[in-house]
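Residue-level structural notes
Here is what each chain is made of, one letter per residue.
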Amino acid sequence: MLRKNLNKVFEYFLYVLPAVLFFSYYPIISFGANETMNFELSLPLIWLVLFDLLVFVILIREKRLFKGLKKKWPWLLLPVYLTVSVFWSLSPVRGVLTVGILWLIYFAINGMYEFRELFDEGFRRKFLKWLFGSTLVICAWCLLQCILDLAGVGREYSLMCAGCTYKMFGFPHPNGFAIEPQFMGNLLLAPAIISGWIALKDDHNSNLRGRGSSLPSSRGSDPSYLDQRSPAGRRLKARSKLLACSTPTAVGRNLRKPLRILLLVVFSSTLFLTFSRGAIYAFVVAWIFLSVFVVVRKKKGERKEVGKKVGVVWGMMALAFLFTLNLQGVMAQVSPTDDTYWSGVTKVLNHLSLGKIDLRGGKADAEKTQALESEITEEKREEDDLGAVEKLVENSVDKEEAAFDGYVEESTNTRVRLTDLAVKVWSQDFRTVLFGVGLGGAGQALYLNNLSPAPKEIIQNEYASLLLETGLIGISLFILTMIFILKAVIKNKGAGLILTLIIAYGVTLMFFSGLPNALQIYLLPAVVLIVILKKHDKELL
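Here's a quick rundown of the structure. (Residues numbered from 1 in each chain as written. Predicted model: local features only at pLDDT ≥ 70, side-chain atom pairs only at ≥ 80, totals over all residues. Heavy atoms only, no water.)

Some points on the overall build of the protein chain
- What the protein chain contains, in helices and strands, is 24 helices and two strands.
- Scored against the burial criterion, the 541 residues of the protein chain give a buried share of 48%.
- Pairs at least 24 residues apart make up 73% of the contacts formed inside the protein chain by residues separated by at least 6 positions. (Helix = DSSP H or I, 4+ residues; strand = E, 2+ residues; numbered from the N terminus. Buried < 20%, exposed > 50% of the residue type's maximum accessible area, 1.4 Å probe, protein only. Contact = heavy atoms within 4.5 Å.)

Quick word on the side chain of Gln182
- Along the chain, the position of Gln182 falls in helix H9 (residues 181-199).
- A polar contact of 3.2 Å, which involves the side chain of Gln182, links it to the backbone oxygen of Phe511. (Polar contact = N/O pair within 3.5 Å; in protein donor to acceptor, adjacent residues only side chain to side chain.)

Quick notes on the pairing of strand E1 (residues 28-33)
- Summarising the sheet, E1 and strand E2 (residues 38-42) pair through four bridges and their orientation is antiparallel. Within E2, the residue paired with Ser30 across the bridge is Glu40.
- Counted along the chain from E1 to the antiparallel partner E2, the turn is four residues long. (Pairing = 2+ DSSP bridges.)

Here we look at the packing of aromatic side chains
- Scanning all chains against the criterion turns up 27 aromatic pairs.
- With a centroid separation of 6.1 Å and 70 degrees between ring planes, the pair formed by Phe272 and Phe283 is classed as edge-to-face. In this pair, Phe272 is assigned in helix H13 (residues 248-273) and Phe283 in helix H14 (residues 277-296), connecting sequence segments eleven residues apart. For the pair Phe272 and Phe283, a shared accessibility class is recorded, and that class is buried.
- Among the aromatic side chains, those forming a connected cluster through ring pairs are Phe10, Tyr12, Phe13, Tyr15, Trp47, Phe51, Phe115, Phe119, Phe123 and Phe127.
- Lying over the aromatic face of Tyr113, Arg116 brings its terminal NZ or CZ to 4.0 Å of the ring centre. (Phe/Tyr/Trp six-rings, centres within 6.5 Å; stacked < 30°, edge-to-face > 60°. Lys NZ or Arg CZ within 6 Å of the ring centre and 35° of its normal.)

Looking at the state of the cysteines
- Across all of its chains, the model carries one disulfide by this definition.
- Each sulfur in the disulfide pair Cys161 and Cys164 lies 1.6 Å from the other. Classification of the bridge connecting Cys161 and Cys164 rests on its S-S torsion, roughly 70 degrees, and on that basis the disulfide is right-handed. For the pair shown, Cys161 and Cys164 are each scored as buried. (Disulfide = S-S within 2.5 Å.)

Observations regarding the packing of helix H15 (residues 300-334) against helix H16 (residues 341-352)
- Running from amino to carboxyl end, H15 crosses H16 at an angle of 130 degrees, the nearest separation of the two axes being 6 Å. In terms of orientation, H15 and H16 fall into the oblique class. Classified by chirality, the crossing of H16 by H15 is right-handed. Contacts from Phe321, Leu325, Asn326, Gln328, Gly329, Val330, Ala332 and Gln333 of H15 reach H16 at Tyr341, Gly344, Val345, Val348, Leu349 and Leu352.
- Partitioned by chemical class, the residues of the contact of H15 with H16 number nine nonpolar, five polar and no charged. (Axes fitted to C-alpha atoms, helices over the stretch in contact; angles between N-to-C directions. Parallel < 35°, antiparallel > 145°, perpendicular 65-115°, else oblique. Left-handed = near helix turned anticlockwise from the far one by under 90°. Nonpolar A, V, L, I, M, F, W, Y, C, P; charged D, E, K, R; others polar.)

Remarks on the environment of Lys167
- Assignment of secondary structure puts Lys167 in helix H8 (residues 166-169).
- Here the alpha-carbon distance between Lys167 and Pro336, two residues 169 residues apart in the chain, equals 8.5 Å.
- Residue contacts for Lys167: discarding those within four places in its chain leaves Glu400, Ala402 and Ala403.

Regarding helix H4 (residues 77-85)
- Among all positions of H4, only Leu78, Pro79, Tyr81, Leu82 and Ser85 are buried. End-on, the buried residues of H4 take up no more than an arc of 160 degrees, which puts them together on one face.
- Where H4 is buried, its residues touch helix H5 (92-114), helix H20 (430-435) and helix H22 (462-489). (Arc of directions from axis to C-beta.)

Comments concerning the pattern of salt bridges
- Taken as a whole and judged by the stated rule, the model has three salt bridges.
- Ionic pairing is found between Lys347 and Asp339, a salt bridge with its closest N-O pair at 2.8 Å.
- With a relative accessible area of 4%, Lys347 lands in the buried category.
- With a relative accessible area of 7%, Asp339 lands in the buried category.
- A salt bridge links Arg360 to Asp358, with the shortest nitrogen-to-oxygen separation between them at 2.9 Å.
- By relative accessible area, which is 43% here, Asp358 ends up partly exposed.
- Taken together, the shared-partner salt bridges in this structure form one network comprising Asp358, Arg360 and Asp405. (Salt bridge = Lys/Arg side-chain N within 4 Å of Asp/Glu carboxyl O.)

Structural notes on the nonpolar core
- Counting 107 residues, the largest nonpolar core has Phe10, Trp47, Phe51, Leu271, Phe283 and Leu523 as the members making the most contacts within it.
- Excluding anything up to four places from it in sequence, Leu523 contacts Leu17, Trp47, Leu48, Ile105, Ala108, Ile109 and Met112.
- Within the second largest apolar cluster, 24 residues are counted, among which are Leu102, Leu418, Val437 and Leu466. (Core = buried A, V, L, I, M, F, W, Y, C linked by side-chain atoms within 4.5 Å.)

Quick look at H15
- Helix length check: H15, at 35 residues, gives a terminal C-alpha distance of 51 Å against a target of 51 Å (1.5 Å per residue), a fit within 8%.
- Listed in full, the buried residues belonging to H15 are Val306, Val310, Val313, Met317, Ala320, Thr324, Leu325, Gln328, Gly329, Met331 and Ala332. (Expected span 1.5 Å × (residues − 1).)

So, unusual backbone geometry
- Note the cis peptide between Tyr26 and Pro27, where omega equals -5 degrees.
- One non-glycine residue, Leu354, adopts positive backbone phi at about 55 degrees.
- With respect to the element layout, Leu354 can be found in the loop between H16 and helix H17 (363-383).
- Residue Leu354 is classed as partly exposed on the basis of its relative accessible area of 35%.
- Of note in this structure, Gln460 is not a glycine but carries a positive phi near 65 degrees.
- Of note, Gln460 is situated in the loop between helix H21 (442-448) and H22.

Okay, structure coming up:
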């Protein structure tokens, strides 16, 4: 009885995980700071500790704590080395806390794998409902954040970060309950990718949906049935489709089609609304990979049909981008700044394209000048009052001006510069090249070399940060771990989805660092992988 109750608690912990991850920064419990880091406790970290305690209790009760440890040792090479690297870290406190969170993540993923038999079809359906339901709520909150910001509601109530308000670009870009839009966009990657994967309605996703196709089999012992080109075969196929479409299950499935497309559009639109280049680039790269993957994995005769489905999904994402682009233009028009609809749209395109697409060309300024001159002329004609004209001009000048008029090159340059500095410090001596400066010590290393103004500086590129902190040994073990993961995933029926998530999160790691800063990068792909595993699938270990 106790085990059954523990199993239920275990399942509910995983159900609420997607919702908890969205509260990655708000609410936050602060314990102060030192020169190298802030001491803060968030809801995802609290979830992680409690979940690990639950897993520990179950494993102890079932005497499975050290089960299969000999098989798992290759997976432990990286965390063990990271733990050892704390001993020579330039920031030992940050290193200890970082490696502690990493071990909690490893233990949580191990717990999910050990109890994967609980992830039946019912669990899969409930997990998706929690994932999509919580994402819809967060998407609504992001839109509300934008409205509150445009209405002048203070950041202490809207929870908008300082760099997210309309004052930056003329339109707001929400951060949800995350610390900044980049993390909010990162949180939306998994829901957007999974909803698109399901929308493809391919047999690759049948495991995740928790049910297979209910259509009759197209194969049988009757030769006319096997040959769909024969008249008898076509008639039988038509009758089979009609029968399948008339069943309650098929009707429900058909009703769910628009819902799946709607989820993709809503999630993608909100991701674009965050205006995070890292998240958007990762989303596009991941979908390019997934599109190629699902087409190549099909037989030549089936690729055309799958290609059409992929085209529909890309069309929905394009529709989501156009919707968001127009929404940002409208927000720029109604914001307290002097921006117009056109200036808002052109800023978006200019920034996302790294300055390559520039449709501004003074057009927005010309529109504002023309509108102002028209109003002044009309006022002259009606009142012929110089004082009224001066007042009109004064009011027009009083409108705020956004901080940026397009691509913020400094943002890109800063990331590139920090990456270059990390490589420079790493290559200074043989010891650092081989072992690094120790986990958590990247910021302190830059500071001690007079390359940053404060020890809290982060590299904003996880790969460069890992190279500087752990050296060639750490990078080699990281690559080895990724090989283990790919080897475990590639033969699984859900390989396309898992690989897509890995690629998406892998791209985002080029835009920020901090290892455990974004728990969803480690936990969500692990949950999805283990959830779609079936008992007869090849084991990971």
